[in-house]
Amino acid sequence: MKLFQRLLKENAKVWDEYLHHSFVKELEKGTLKEENFLFYLKQDYIYLINYAKCYALLALNANNAKELRFAMKFQNYIVEGELELHKSILKLGIDADKLCVKDESIVNIAYTRYMLSVGQSGDFLDMLVALSACAIGYGYIGAEIKQRLSKDELEKHPYKEWILTYSGEVFQAEIKEFEDFLNSYEVDENKFKKLSEIFHTVVRLEREFWQHGLNLKLDLY
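In short, a report on the structure.

Rules used throughout
Residues numbered from 1 in each chain as written. Predicted model: local features only at pLDDT ≥ 70, side-chain atom pairs only at ≥ 80, totals over all residues. Heavy atoms only, no water. Helix = DSSP H or I, 4+ residues; strand = E, 2+ residues; numbered from the N terminus. Rg over C-alpha atoms; globule rule 2.2 N^0.38 Å. Buried < 20%, exposed > 50% of the residue type's maximum accessible area, 1.4 Å probe, protein only. Contact = heavy atoms within 4.5 Å. Areas by Shrake-Rupley, 256 points an atom, 1.4 Å probe, with all protein chains shown as cover. Lys, Arg positive; Asp, Glu negative; His and termini not counted. Charge placed at Lys NZ, Arg CZ, Asp CG, Glu CD. Expected span 1.5 Å × (residues − 1). Axes fitted to C-alpha atoms, helices over the stretch in contact; angles between N-to-C directions. Parallel < 35°, antiparallel > 145°, perpendicular 65-115°, else oblique. Left-handed = near helix turned anticlockwise from the far one by under 90°. Nonpolar A, V, L, I, M, F, W, Y, C, P; charged D, E, K, R; others polar. Arc of directions from axis to C-beta. Salt bridge = Lys/Arg side-chain N within 4 Å of Asp/Glu carboxyl O.

When you go through the protein chain residue by residue, the secondary structure sums to eleven helices and zero strands. Tracing the protein chain from N to C terminus, the helices and strands come up as α-α-α-α-α-α-α-α-α-α-α. Its C-alpha atoms give the protein chain a radius of gyration of 17 Å, within 12% of the compact-globule value 17 Å for 221 residues. Over its C-alpha atoms, taken along the principal directions, the protein chain stretches across nearly 45 × 40 × 35 Å. The buried share among the 221 residues of the protein chain stands at 52%. Taking the intrachain contacts of the protein chain between residues at least 6 apart in sequence as the baseline, contacts between residues at least 24 apart amount to 85%. Summing over all exposed atoms, the protein chain offers an accessible surface of approximately 11000 Å²; the carbon and sulfur share of this is 53%. Averaging the coordinates of the 29 positive side-chain charges in the protein chain and doing the same for the 35 negative ones gives two points 1 Å apart.

Here helix 4 (residues 34–60) spans 39 Å end to end across 27 residues, near enough to the 39 Å set by a 1.5 Å rise per residue. Most of helix 4 is tucked away: 20 of the 27 residues are buried.

Helices that pack against each other are described as a pair by the angle of their axes relative to one another and the distance between those axes. The geometry of helix 7 (residues 124–148) relative to helix 11 (residues 189–215) is characterised by a closest axis approach of 9 Å and an angle of 45 degrees between their N-to-C directions. Here helix 7 lies oblique to helix 11, going by the angle between them. Relative to helix 11, helix 7 is oriented so that their crossing is right-handed. Contacts between helix 7 and helix 11 involve L125, D126, V129, A130, S132, A133, C134, Y138 and I141 on the former and, on the latter, K191, K194, L195, I198, F199, V202, V203, E206 and W210. When grouped by side-chain class, the residues that make up the contact of helix 7 with helix 11 number 13 nonpolar, one polar and four charged.

Moving on, we get to the packing of helix 6 (residues 106–121) against helix 7. Between helix 6 and helix 7, the shortest axis-to-axis distance is 8 Å and the interhelical angle comes to 155 degrees. Of the possible angle classes, the one that applies to helix 6 and helix 7 is roughly antiparallel. Where helix 6 crosses over helix 7, the two elements pack in a sense that is left-handed. The residues of helix 7 that touch helix 6, namely those facing Y111, M115, L116, V118 and G119, are D126, M127, A130, L131, A133 and C134. In terms of residue class, the contact of helix 6 with helix 7 is made up of nine nonpolar, one polar and one charged.

Another point: helix 6. Spanning 16 residues, helix 6 covers 22 Å between terminal C-alpha atoms, matching the ideal 22 Å at 1.5 Å per step. Those residues of helix 6 that sit buried are V107, N108, Y111, T112, M115, L116, V118 and G119. For helix 6, the arc enclosing every buried residue in end-on projection is 160 degrees, short of the 170-degree limit, so these residues lie on one face. Away from its buried face, by an angle of more than 90 degrees, helix 6 presents the exposed residues Q120 and S121.

It is worth spelling out the environment of F39 at this point. Tracing the backbone shows F39 in helix 4. With a relative accessible area of 12%, F39 lands in the buried category. Setting aside chain neighbours within four positions, we find F39 in contact with H212, G213, L216, K217 and L218.

Our next topic: the pattern of salt bridges. The tally for this structure, following the rule as stated, stands at 15 salt bridges. Residues E177 and K73 are paired through a salt bridge, measuring 2.6 Å at the closest nitrogen-oxygen approach. In this pair, E177 is assigned in helix 10 (residues 169–183) and K73 in helix 5 (residues 65–90), connecting sequence segments 104 residues apart. Given a relative accessible area of 38%, K73 falls into the partly exposed group. With a shortest N-O distance of 3.4 Å, D152 and K156 are connected by a salt bridge. Here K156 falls in the exposed class, since its relative accessible area comes to 65%. In this structure, a network of salt bridges that share partners links the residues K13, E17, R207 and E208.

Laid out in structure tokens, this is it:
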């Protein structure tokens, strides 16, 4: 069994809770309130800035030119692709360029700082696994949503642009490349245990990211 499939099997319950969270279900049905979507999108814009920094750290941990090229390519995709999508949607009511640290939620801080700590204390593969829940998970979610919606439903959907981005050919090709790259590594049981712990933590944080989009809370209280 390939590495990513092993990680999914070991963490099946929390992975399912992430992919099929209430936030995702409401987004798919188009019943998610706009204030919840904009809260999530605002936090995700801040998240992606730090996520792009994580790829810079991934590049620093690279052991060869292949790993370096991978890290740089995906960092560029985030900066030039996903961030620009979010910025275009946020212009509905939020100036993305004016977002600052005071706008960042505690969940957001916990997630991104955890990934950065993995990159600072671990190796390239540790960091790659920490980044995988977001990269690959969104691809799975986007593809599932699009598959379940009819052409007419998608055309009239309030979150059509978001769905088309994460289900689209470009993003799907990117996450397939990510998954294939991750699966090119073989590890012993001790290393797998560490990677599985990292993966479990980041998937939990992804799940909580959806939840705080429903709660509309920057803080925990």
